[in-house]
Amino acid sequence: MDTASRYWQLVRLTSSGQCQVQALPQVQAWFQATIASAPEADWSQMIFLTWAAGGPEADLAQLSLRCFISHQIQQVCLGLAQRFGRDYGFAATDLFYLVLDDDGRLDATSPPFSLEILATYDPAKAALSTWASRRTSHHPALNQALLEKGLYRASDWAILNDTQPGQLQRILRQYHLCSEYEVTQATTLLGRYHQVYQRARIAQRVSGKGGRCQTPTAEQLRAINPDLPPKDVLAQLRQLAAQLRQYRVHVRGGPAPVYHSDGLDWETVATTQTSQPPDPGDDQDEFLQAYRQALVKELDGAIAAVIQANVDRLRGRKPPQDRAYVQGLHLFHCRGLPMGKFAADIGLTSQVQVNRLLNLKRLRSEVRHRLLPNIYETVRRQAVAYVSADRLQAIDQTLETLLAETVDSLLAEAAAEAQQPKGRTAKSLFSQQLCITIHSFMPGAES
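The structure displayed is predicted, hence computed values, not measured ones. (Residues numbered from 1 in each chain as written. Predicted model: local features only at pLDDT ≥ 70, side-chain atom pairs only at ≥ 80, totals over all residues. Heavy atoms only, no water.)

(A) Here's a closer look at the overall build of the protein chain. Looking only at helices and strands, the protein chain features 21 helices and 2 strands. By the burial criterion, 42% of the 447 residues in the protein chain qualify as buried. Only carbon and sulfur atoms are counted for the fraction: they give 52% of the accessible area of the protein chain, which is about 23,100 Å². (Helix = DSSP H or I, 4+ residues; strand = E, 2+ residues; numbered from the N terminus. Buried < 20%, exposed > 50% of the residue type's maximum accessible area, 1.4 Å probe, protein only. Areas by Shrake-Rupley, 256 points an atom, 1.4 Å probe, with all protein chains shown as cover.)

(B) Quick peek at the pattern of salt bridges. Using the criterion set out here, one finds 12 salt bridges in the structure. In this structure, a network of salt bridges that share partners links the residues D156, R238 and R245. (Salt bridge = Lys/Arg side-chain N within 4 Å of Asp/Glu carboxyl O.)

(C) Representation of the state of the cysteines. A full pass over the atoms with the stated rule returns 1 disulfide. Note that C334 is cross-linked by a disulfide to C435, the S-S spacing being 2.4 Å. Looking down the S-S bond of the C334 and C435 bridge, the torsion is -115°, so its handedness is left-handed. Of this pair, C334 sits in helix α15 (residues 322-334) while C435 is found in helix α21 (residues 429-437), placing the two residues 101 residues apart along the sequence. For C77, which is in no disulfide, the shortest distance to another cysteine sulfur is to C19 and amounts to 7.6 Å. (Disulfide = S-S within 2.5 Å.)

(D) Seen up close, the side chain of T136. Positionally, T136 belongs in helix α6 (residues 128-137). Not counting chain neighbours up to four residues away, the residues in contact with T136 comprise I73, V76, V99, F113, I117 and L142. (Contact = heavy atoms within 4.5 Å.)

(E) Structural detail: the packing of aromatic side chains. Going through the model one piece at a time under the given rule, you end up with 9 aromatic pairs. Residues W8 and F31 carry aromatic rings whose centres are separated by 5.7 Å and whose planes lie at 55° to one another, so their mutual orientation is tilted. Of the two residues, W8 is situated in the segment before β1 (9-13) and F31 in helix α1 (residues 25-34); the sequence distance between them amounts to 23 residues. By relative accessible area, which is 9% here, W8 ends up buried. Among the aromatic side chains, those forming a connected cluster through ring pairs are Y7, W8, F31, W43 and F68. (Phe/Tyr/Trp six-rings, centres within 6.5 Å; stacked < 30°, edge-to-face > 60°.)

(F) Seen up close, helix α17 (residues 351-358). Turning to α17, its buried residues number three or more, namely V354, L357 and L358. Considered in projection along α17, the buried side chains sweep an arc of 90° and stay on one side of the axis. Exposed residues on α17 whose side chains face more than 90 degrees from its buried face are V352 and R356. N359 sits one or two residues past α17 and shows a positive phi near 40°. (Arc of directions from axis to C-beta.)

(G) Fine view of the pairing of strand β2 (residues 19-23). Taken together, the 5 bridges between β1 and β2 define a ladder with antiparallel strand orientation. In the sheet register, R12 faces β2, and the bridge partner there is Q20. The turn joining β1 and β2, which pair antiparallel and follow one another in sequence, is formed by 5 residues; a positive phi near 85° is taken by G17. (Pairing = 2+ DSSP bridges.)

(H) Structural detail: unusual backbone geometry. Of the consecutive residues K318 and P319, the connecting peptide bond is found in the cis state with omega at -5°. Structurally, P319 is set in the loop between α14 (281-315) and α15. Notably, N359 is not glycine yet its phi reads approximately 40°, a positive angle. Along the chain, N359 falls in the loop between α17 and α18 (360-383).

(I) Just helix α7 (residues 140-148), in detail. Buried within α7 we find L142, A145, L146 and L147. Contacts made by the buried residues of α7 are with α3 (58-88), α4 (93-99), α6 and α12 (230-251). Phi for G150, located one or two positions after α7, is positive at around 95°.

(J) Structural context of the packing of α15 against α21. Where α15 meets α21, the axes come as close as 10 Å, and the angle between the chain directions of the two elements is 135°. As far as their axial angle goes, α21 and α15 are oblique. The crossing of α15 and α21 is left-handed. In this structure, α15 contributes L329, H333 and C334 to the contact, and α21 contributes F430, S431, L434 and C435. Of the residues contributing to the contact of α15 with α21, the split by class is 5 nonpolar, 2 polar and no charged. (Axes fitted to C-alpha atoms, helices over the stretch in contact; angles between N-to-C directions. Parallel < 35°, antiparallel > 145°, perpendicular 65-115°, else oblique. Left-handed = near helix turned anticlockwise from the far one by under 90°. Nonpolar A, V, L, I, M, F, W, Y, C, P; charged D, E, K, R; others polar.)

(K) Representation of the confidence of the model for the protein chain. This prediction gives the protein chain a mean pLDDT of 81; 84% of its residues lie at or above 70. This model gives residues 256-281 a pLDDT under 50, and the stretch forms 47 contacts once residues within four places in sequence are excluded. (pLDDT = per-residue confidence, 0-100.)

Below is the structure:
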(Lines give C-alpha, C1' and ligand atoms only; values in the text may rest on other atoms or scores of the structure.)
Protein backbone atom coordinates (compact mmCIF):
# COMPACT_ATOMS: atom_id res chain seq x y z
CA MET A 1 0.00 0.00 0.00
CA ASP A 2 1.40 3.40 -0.93
CA THR A 3 1.69 6.10 1.68
CA ALA A 4 -0.90 8.41 0.14
CA SER A 5 -3.66 5.80 0.16
CA ARG A 6 -3.51 5.66 3.96
CA TYR A 7 -5.16 9.07 3.95
CA TRP A 8 -8.33 7.84 2.25
CA GLN A 9 -8.45 4.14 3.11
CA LEU A 10 -9.95 3.32 6.49
CA VAL A 11 -8.93 0.17 8.38
CA ARG A 12 -12.08 -1.14 10.04
CA LEU A 13 -13.26 -4.38 11.53
CA THR A 14 -15.67 -6.80 9.94
CA SER A 15 -18.32 -8.57 11.99
CA SER A 16 -15.94 -11.54 12.24
CA GLY A 17 -13.23 -9.38 13.82
CA GLN A 18 -10.98 -9.24 10.77
CA CYS A 19 -9.42 -6.06 9.41
CA GLN A 20 -10.88 -4.69 6.21
CA VAL A 21 -9.50 -1.74 4.26
CA GLN A 22 -12.34 0.46 3.03
CA ALA A 23 -11.70 3.22 0.52
CA LEU A 24 -13.60 6.47 1.08
CA PRO A 25 -14.06 7.89 -2.45
CA GLN A 26 -15.05 11.38 -1.34
CA VAL A 27 -11.95 11.63 0.86
CA GLN A 28 -9.75 10.27 -1.92
CA ALA A 29 -11.05 12.86 -4.39
CA TRP A 30 -10.53 15.68 -1.92
CA PHE A 31 -7.05 14.47 -0.95
CA GLN A 32 -5.87 14.13 -4.53
CA ALA A 33 -7.24 17.55 -5.46
CA THR A 34 -5.93 19.53 -2.49
CA ILE A 35 -3.15 17.65 -0.68
CA ALA A 36 -1.39 15.14 -2.91
CA SER A 37 0.65 17.69 -4.84
CA ALA A 38 2.24 19.08 -1.65
CA PRO A 39 5.41 17.59 -0.11
CA GLU A 40 4.60 14.25 1.50
CA ALA A 41 6.23 15.14 4.82
CA ASP A 42 3.67 17.87 5.42
CA TRP A 43 0.50 15.92 4.64
CA SER A 44 -0.58 15.15 8.21
CA GLN A 45 0.19 18.69 9.30
CA MET A 46 -1.67 20.22 6.35
CA ILE A 47 -4.73 18.06 6.87
CA PHE A 48 -4.71 18.68 10.60
CA LEU A 49 -4.64 22.44 10.09
CA THR A 50 -7.53 22.17 7.64
CA TRP A 51 -9.53 20.18 10.18
CA ALA A 52 -8.62 22.52 13.05
CA ALA A 53 -9.68 25.58 11.00
CA GLY A 54 -13.22 24.21 10.93
CA GLY A 55 -14.02 25.36 7.42
CA PRO A 56 -16.16 23.60 4.78
CA GLU A 57 -13.47 20.94 4.23
CA ALA A 58 -13.14 20.10 7.92
CA ASP A 59 -15.22 16.91 7.76
CA LEU A 60 -13.22 15.53 4.86
CA ALA A 61 -9.98 16.44 6.64
CA GLN A 62 -11.16 14.69 9.79
CA LEU A 63 -12.05 11.51 7.90
CA SER A 64 -8.70 11.60 6.15
CA LEU A 65 -6.86 11.87 9.48
CA ARG A 66 -8.99 9.06 10.96
CA CYS A 67 -8.01 6.88 8.00
CA PHE A 68 -4.35 7.61 8.67
CA ILE A 69 -4.74 6.91 12.40
CA SER A 70 -6.56 3.63 11.74
CA HIS A 71 -3.45 2.33 9.98
CA GLN A 72 -1.27 3.33 12.96
CA ILE A 73 -3.61 1.51 15.33
CA GLN A 74 -3.49 -1.61 13.18
CA GLN A 75 0.30 -1.50 13.06
CA VAL A 76 0.60 -1.24 16.84
CA CYS A 77 -1.60 -4.32 17.30
CA LEU A 78 0.33 -6.25 14.68
CA GLY A 79 3.61 -5.19 16.29
CA LEU A 80 2.53 -6.29 19.75
CA ALA A 81 1.38 -9.65 18.42
CA GLN A 82 4.64 -10.11 16.55
CA ARG A 83 6.77 -9.23 19.56
CA PHE A 84 4.85 -10.95 22.32
CA GLY A 85 2.04 -13.04 20.83
CA ARG A 86 3.88 -16.33 20.60
CA ASP A 87 5.10 -16.26 24.20
CA TYR A 88 1.87 -14.97 25.71
CA GLY A 89 -0.64 -16.72 23.51
CA PHE A 90 -2.48 -13.97 21.67
CA ALA A 91 -2.88 -12.71 18.12
CA ALA A 92 -3.45 -9.27 16.69
CA THR A 93 -7.11 -10.15 16.21
CA ASP A 94 -7.39 -10.41 19.99
CA LEU A 95 -6.42 -6.73 20.23
CA PHE A 96 -8.11 -5.14 17.22
CA TYR A 97 -11.59 -5.00 18.72
CA LEU A 98 -10.27 -3.05 21.74
CA VAL A 99 -8.92 -0.09 19.79
CA LEU A 100 -10.05 -0.34 16.17
CA ASP A 101 -13.63 0.88 16.40
CA ASP A 102 -13.90 3.52 13.68
CA ASP A 103 -16.57 2.82 11.06
CA GLY A 104 -15.99 6.06 9.17
CA ARG A 105 -19.25 7.75 10.14
CA LEU A 106 -19.21 11.44 11.02
CA ASP A 107 -22.36 11.23 13.12
CA ALA A 108 -21.41 8.30 15.33
CA THR A 109 -23.09 8.49 18.74
CA SER A 110 -19.96 7.17 20.41
CA PRO A 111 -16.75 8.84 19.18
CA PRO A 112 -14.24 6.28 17.91
CA PHE A 113 -10.83 5.92 19.49
CA SER A 114 -9.22 7.47 16.41
CA LEU A 115 -11.16 10.69 17.02
CA GLU A 116 -10.09 10.66 20.67
CA ILE A 117 -6.48 10.44 19.48
CA LEU A 118 -7.08 13.32 17.10
CA ALA A 119 -8.77 15.47 19.73
CA THR A 120 -5.82 15.14 22.09
CA TYR A 121 -3.13 15.62 19.48
CA ASP A 122 -0.74 18.58 19.68
CA PRO A 123 1.25 18.94 16.42
CA ALA A 124 3.83 21.10 18.20
CA LYS A 125 4.96 18.16 20.34
CA ALA A 126 5.02 15.09 18.11
CA ALA A 127 4.15 13.67 14.73
CA LEU A 128 0.62 12.34 14.42
CA SER A 129 1.94 8.83 13.74
CA THR A 130 3.95 8.93 16.97
CA TRP A 131 1.04 10.22 19.00
CA ALA A 132 -1.38 7.66 17.56
CA SER A 133 1.04 4.80 18.22
CA ARG A 134 1.72 5.96 21.76
CA ARG A 135 -1.95 6.37 22.65
CA THR A 136 -2.76 2.98 21.16
CA SER A 137 0.12 1.21 22.83
CA HIS A 138 -1.02 2.49 26.23
CA HIS A 139 -4.76 2.18 25.75
CA PRO A 140 -6.16 1.04 29.16
CA ALA A 141 -8.27 -1.79 27.72
CA LEU A 142 -5.38 -3.03 25.63
CA ASN A 143 -3.03 -2.88 28.61
CA GLN A 144 -5.51 -4.82 30.72
CA ALA A 145 -5.99 -7.44 28.01
CA LEU A 146 -2.23 -7.95 27.80
CA LEU A 147 -1.96 -8.18 31.58
CA GLU A 148 -4.62 -10.86 31.55
CA LYS A 149 -2.32 -12.74 29.21
CA GLY A 150 0.50 -12.29 31.71
CA LEU A 151 2.30 -9.54 29.79
CA TYR A 152 3.59 -6.61 31.83
CA ARG A 153 5.46 -4.26 29.51
CA ALA A 154 8.24 -2.69 31.50
CA SER A 155 11.95 -3.35 31.26
CA ASP A 156 13.75 -5.29 33.98
CA TRP A 157 15.61 -2.15 34.93
CA ALA A 158 12.50 -0.01 35.24
CA ILE A 159 11.02 -2.65 37.54
CA LEU A 160 14.13 -2.79 39.71
CA ASN A 161 14.31 1.01 39.82
CA ASP A 162 10.72 1.15 41.03
CA THR A 163 11.08 -1.41 43.81
CA GLN A 164 11.97 -0.47 47.36
CA PRO A 165 13.82 -2.88 49.68
CA GLY A 166 10.79 -3.25 51.95
CA GLN A 167 8.57 -4.14 49.01
CA LEU A 168 11.10 -6.64 47.75
CA GLN A 169 11.33 -8.36 51.12
CA ARG A 170 7.57 -8.60 51.42
CA ILE A 171 7.17 -9.98 47.90
CA LEU A 172 9.91 -12.55 48.29
CA ARG A 173 8.66 -13.72 51.69
CA GLN A 174 4.92 -13.72 51.07
CA TYR A 175 4.57 -14.36 47.34
CA HIS A 176 7.66 -16.35 46.39
CA LEU A 177 8.08 -17.97 49.85
CA CYS A 178 11.84 -17.36 49.83
CA SER A 179 14.06 -18.16 52.78
CA GLU A 180 15.45 -15.37 54.97
CA TYR A 181 18.87 -16.01 53.45
CA GLU A 182 17.49 -15.49 49.94
CA VAL A 183 15.64 -12.37 51.06
CA THR A 184 18.81 -10.93 52.59
CA GLN A 185 20.86 -11.70 49.47
CA ALA A 186 18.27 -10.18 47.18
CA THR A 187 17.93 -7.06 49.35
CA THR A 188 21.68 -6.52 49.27
CA LEU A 189 21.73 -6.98 45.49
CA LEU A 190 18.89 -4.50 44.97
CA GLY A 191 20.52 -1.98 47.30
CA ARG A 192 23.82 -2.17 45.41
CA TYR A 193 21.95 -1.91 42.10
CA HIS A 194 20.16 1.23 43.28
CA GLN A 195 23.40 2.80 44.46
CA VAL A 196 25.21 2.21 41.20
CA TYR A 197 22.54 2.28 38.50
CA GLN A 198 20.23 4.97 39.82
CA ARG A 199 23.14 7.29 40.49
CA ALA A 200 24.12 6.93 36.84
CA ARG A 201 20.51 7.52 35.74
CA ILE A 202 20.30 10.71 37.75
CA ALA A 203 23.56 11.95 36.26
CA GLN A 204 22.23 11.03 32.83
CA ARG A 205 19.05 13.00 33.33
CA VAL A 206 20.93 16.01 34.70
CA SER A 207 23.00 16.03 31.51
CA GLY A 208 19.78 16.10 29.49
CA LYS A 209 19.89 12.45 28.36
CA GLY A 210 16.67 10.68 29.23
CA GLY A 211 15.03 7.77 27.49
CA ARG A 212 14.66 4.08 28.16
CA CYS A 213 16.64 2.37 30.90
CA GLN A 214 19.53 0.52 29.31
CA THR A 215 21.10 -2.74 30.42
CA PRO A 216 23.76 -2.06 33.08
CA THR A 217 27.25 -1.82 31.65
CA ALA A 218 30.00 -4.26 32.57
CA GLU A 219 31.58 -1.53 34.66
CA GLN A 220 28.34 -0.99 36.56
CA LEU A 221 27.89 -4.74 37.08
CA ARG A 222 31.40 -4.98 38.51
CA ALA A 223 30.62 -2.06 40.83
CA ILE A 224 27.42 -3.78 41.97
CA ASN A 225 29.30 -6.95 42.91
CA PRO A 226 33.07 -7.02 42.34
CA ASP A 227 33.27 -10.64 43.57
CA LEU A 228 31.36 -12.12 40.62
CA PRO A 229 31.78 -11.95 36.84
CA PRO A 230 29.52 -9.28 35.29
CA LYS A 231 27.46 -11.88 33.41
CA ASP A 232 26.59 -13.61 36.69
CA VAL A 233 25.56 -10.33 38.31
CA LEU A 234 23.44 -9.55 35.25
CA ALA A 235 21.76 -12.95 35.51
CA GLN A 236 21.01 -12.36 39.20
CA LEU A 237 19.45 -8.98 38.44
CA ARG A 238 17.33 -10.43 35.63
CA GLN A 239 16.15 -13.22 37.91
CA LEU A 240 15.20 -10.72 40.59
CA ALA A 241 13.33 -8.59 38.04
CA ALA A 242 11.53 -11.69 36.78
CA GLN A 243 10.28 -12.45 40.29
CA LEU A 244 9.05 -8.89 40.68
CA ARG A 245 7.45 -8.98 37.24
CA GLN A 246 5.55 -12.15 38.19
CA TYR A 247 4.25 -10.46 41.31
CA ARG A 248 3.16 -7.32 39.43
CA VAL A 249 1.27 -9.40 36.89
CA HIS A 250 -0.34 -11.29 39.75
CA VAL A 251 -1.53 -8.20 41.66
CA ARG A 252 -2.86 -6.63 38.45
CA GLY A 253 -5.05 -9.59 37.77
CA GLY A 254 -2.87 -11.50 35.36
CA PRO A 255 -2.41 -15.27 35.24
CA ALA A 256 0.42 -17.35 36.60
CA PRO A 257 3.74 -17.00 34.76
CA VAL A 258 3.70 -18.43 31.26
CA TYR A 259 6.35 -20.41 29.50
CA HIS A 260 8.74 -18.34 27.40
CA SER A 261 10.30 -20.26 24.56
CA ASP A 262 13.69 -18.61 24.68
CA GLY A 263 13.74 -16.24 27.62
CA LEU A 264 12.32 -12.98 26.34
CA ASP A 265 14.92 -10.23 26.29
CA TRP A 266 13.01 -7.07 27.20
CA GLU A 267 15.74 -4.69 26.16
CA THR A 268 16.20 -6.39 22.79
CA VAL A 269 12.48 -6.37 22.23
CA ALA A 270 12.37 -2.68 22.97
CA THR A 271 15.34 -1.57 20.91
CA THR A 272 14.60 -3.62 17.80
CA GLN A 273 11.22 -1.97 17.28
CA THR A 274 12.63 1.20 15.83
CA SER A 275 9.42 2.01 14.01
CA GLN A 276 7.59 2.35 17.27
CA PRO A 277 7.76 5.51 19.39
CA PRO A 278 9.76 5.51 22.61
CA ASP A 279 7.91 3.67 25.32
CA PRO A 280 7.13 6.13 28.11
CA GLY A 281 6.93 3.29 30.60
CA ASP A 282 10.34 3.99 32.08
CA ASP A 283 9.55 7.63 32.69
CA GLN A 284 6.24 6.59 34.18
CA ASP A 285 7.93 4.11 36.48
CA GLU A 286 10.50 6.66 37.53
CA PHE A 287 7.83 9.22 38.21
CA LEU A 288 5.74 6.70 40.14
CA GLN A 289 8.75 5.74 42.20
CA ALA A 290 9.45 9.38 43.04
CA TYR A 291 5.77 9.92 43.77
CA ARG A 292 5.56 6.96 46.15
CA GLN A 293 8.67 8.06 47.97
CA ALA A 294 7.23 11.55 48.29
CA LEU A 295 3.92 10.20 49.55
CA VAL A 296 5.62 8.17 52.27
CA LYS A 297 7.84 11.09 53.27
CA GLU A 298 5.01 13.60 53.39
CA LEU A 299 2.74 11.17 55.21
CA ASP A 300 5.45 10.61 57.79
CA GLY A 301 5.81 14.36 58.25
CA ALA A 302 2.07 14.92 58.54
CA ILE A 303 1.62 12.14 61.12
CA ALA A 304 4.55 13.45 63.18
CA ALA A 305 3.21 17.00 63.10
CA VAL A 306 -0.29 15.96 64.19
CA ILE A 307 0.96 13.70 66.97
CA GLN A 308 3.30 16.44 68.18
CA ALA A 309 0.43 18.93 68.28
CA ASN A 310 -1.73 16.49 70.23
CA VAL A 311 1.11 15.66 72.61
CA ASP A 312 1.63 19.36 73.30
CA ARG A 313 -2.08 19.83 73.92
CA LEU A 314 -2.44 16.79 76.18
CA ARG A 315 0.69 17.65 78.14
CA GLY A 316 -1.11 20.72 79.41
CA ARG A 317 -3.95 18.76 80.94
CA LYS A 318 -4.18 17.99 84.65
CA PRO A 319 -3.06 15.29 84.96
CA PRO A 320 -1.05 15.28 81.70
CA GLN A 321 -2.20 12.69 79.17
CA ASP A 322 0.50 12.97 76.53
CA ARG A 323 2.27 9.74 77.53
CA ALA A 324 -0.99 7.82 77.67
CA TYR A 325 -1.84 9.15 74.23
CA VAL A 326 1.44 8.02 72.68
CA GLN A 327 1.29 4.62 74.41
CA GLY A 328 -2.29 4.18 73.33
CA LEU A 329 -1.51 4.88 69.69
CA HIS A 330 1.36 2.43 69.85
CA LEU A 331 -0.61 -0.36 71.50
CA PHE A 332 -3.58 0.08 69.18
CA HIS A 333 -1.85 0.51 65.83
CA CYS A 334 1.44 -1.30 66.28
CA ARG A 335 0.46 -4.08 68.68
CA GLY A 336 -3.04 -4.51 67.33
CA LEU A 337 -4.61 -4.57 70.83
CA PRO A 338 -8.27 -3.67 71.34
CA MET A 339 -8.73 -0.40 73.23
CA GLY A 340 -10.51 -2.11 76.09
CA LYS A 341 -7.59 -4.48 76.60
CA PHE A 342 -4.99 -1.82 77.31
CA ALA A 343 -7.09 0.90 78.95
CA ALA A 344 -5.74 0.09 82.41
CA ASP A 345 -2.16 0.00 81.10
CA ILE A 346 -2.33 3.69 80.18
CA GLY A 347 -4.20 4.79 83.29
CA LEU A 348 -7.77 4.78 81.94
CA THR A 349 -10.75 2.74 83.02
CA SER A 350 -12.65 1.90 79.84
CA GLN A 351 -12.61 1.56 76.07
CA VAL A 352 -14.74 4.67 75.81
CA GLN A 353 -12.06 6.75 77.55
CA VAL A 354 -9.35 5.34 75.26
CA ASN A 355 -11.48 6.01 72.22
CA ARG A 356 -12.02 9.59 73.34
CA LEU A 357 -8.33 10.12 74.07
CA LEU A 358 -7.01 8.71 70.81
CA ASN A 359 -9.84 10.16 68.68
CA LEU A 360 -8.61 8.33 65.60
CA LYS A 361 -11.14 9.92 63.28
CA ARG A 362 -9.87 13.37 64.16
CA LEU A 363 -6.27 12.15 63.90
CA ARG A 364 -6.83 10.94 60.33
CA SER A 365 -8.69 14.12 59.42
CA GLU A 366 -5.86 16.32 60.69
CA VAL A 367 -3.28 14.21 58.85
CA ARG A 368 -5.29 14.65 55.66
CA HIS A 369 -5.44 18.40 56.21
CA ARG A 370 -1.65 18.62 56.54
CA LEU A 371 -0.76 15.98 53.97
CA LEU A 372 -2.75 17.16 50.93
CA PRO A 373 -1.14 20.57 50.30
CA ASN A 374 2.35 19.21 50.94
CA ILE A 375 2.06 16.18 48.66
CA TYR A 376 0.44 18.34 45.99
CA GLU A 377 3.35 20.78 45.94
CA THR A 378 5.92 17.99 46.00
CA VAL A 379 4.33 15.98 43.20
CA ARG A 380 3.82 19.09 41.12
CA ARG A 381 7.51 19.95 41.38
CA GLN A 382 8.46 16.41 40.43
CA ALA A 383 6.04 16.36 37.50
CA VAL A 384 7.85 19.27 35.83
CA ALA A 385 10.60 16.82 34.84
CA TYR A 386 8.08 14.66 32.98
CA VAL A 387 5.57 17.02 31.40
CA SER A 388 5.76 20.53 29.99
CA ALA A 389 4.81 23.52 32.12
CA ASP A 390 1.81 24.16 29.86
CA ARG A 391 0.63 20.60 30.18
CA LEU A 392 1.15 20.69 33.93
CA GLN A 393 -0.92 23.83 34.21
CA ALA A 394 -3.66 22.17 32.20
CA ILE A 395 -3.80 19.13 34.49
CA ASP A 396 -3.47 21.01 37.77
CA GLN A 397 -7.07 20.44 38.75
CA THR A 398 -6.92 16.80 37.75
CA LEU A 399 -3.73 16.31 39.74
CA GLU A 400 -5.30 17.87 42.81
CA THR A 401 -8.36 15.65 42.46
CA LEU A 402 -6.32 12.50 41.95
CA LEU A 403 -4.14 13.21 44.96
CA ALA A 404 -7.18 13.89 47.12
CA GLU A 405 -8.68 10.59 46.01
CA THR A 406 -5.41 8.80 46.75
CA VAL A 407 -5.12 10.28 50.23
CA ASP A 408 -8.79 9.60 50.97
CA SER A 409 -8.35 6.01 49.86
CA LEU A 410 -5.26 5.67 52.02
CA LEU A 411 -7.11 6.98 55.08
CA ALA A 412 -10.21 4.91 54.34
CA GLU A 413 -8.03 1.83 54.34
CA ALA A 414 -6.66 2.84 57.73
CA ALA A 415 -10.17 3.48 59.06
CA ALA A 416 -11.37 0.08 57.87
CA GLU A 417 -8.36 -1.57 59.44
CA ALA A 418 -9.05 0.17 62.76
CA GLN A 419 -12.57 -1.32 62.77
CA GLN A 420 -11.29 -4.89 62.80
CA PRO A 421 -12.19 -6.32 66.23
CA LYS A 422 -9.33 -8.81 66.45
CA GLY A 423 -6.32 -10.18 64.63
CA ARG A 424 -5.50 -6.66 63.46
CA THR A 425 -2.03 -5.91 62.10
CA ALA A 426 -0.55 -2.72 60.72
CA LYS A 427 -1.05 -3.45 57.02
CA SER A 428 -2.23 -0.06 55.84
CA LEU A 429 0.36 2.49 54.82
CA PHE A 430 -1.03 4.90 57.39
CA SER A 431 -0.57 2.45 60.28
CA GLN A 432 2.83 1.36 59.08
CA GLN A 433 4.07 4.95 58.94
CA LEU A 434 2.48 5.76 62.28
CA CYS A 435 4.27 2.80 63.85
CA ILE A 436 7.58 4.09 62.48
CA THR A 437 6.91 7.66 63.54
CA ILE A 438 5.55 6.95 67.01
CA HIS A 439 8.90 5.71 68.27
CA SER A 440 10.36 9.20 68.11
CA PHE A 441 7.77 10.11 70.79
CA MET A 442 8.62 7.19 73.07
CA PRO A 443 12.41 7.01 73.40
CA GLY A 444 13.65 3.78 74.92
CA ALA A 445 10.51 1.83 74.09
CA GLU A 446 10.83 -1.51 72.39
CA SER A 447 9.48 -1.79 68.86
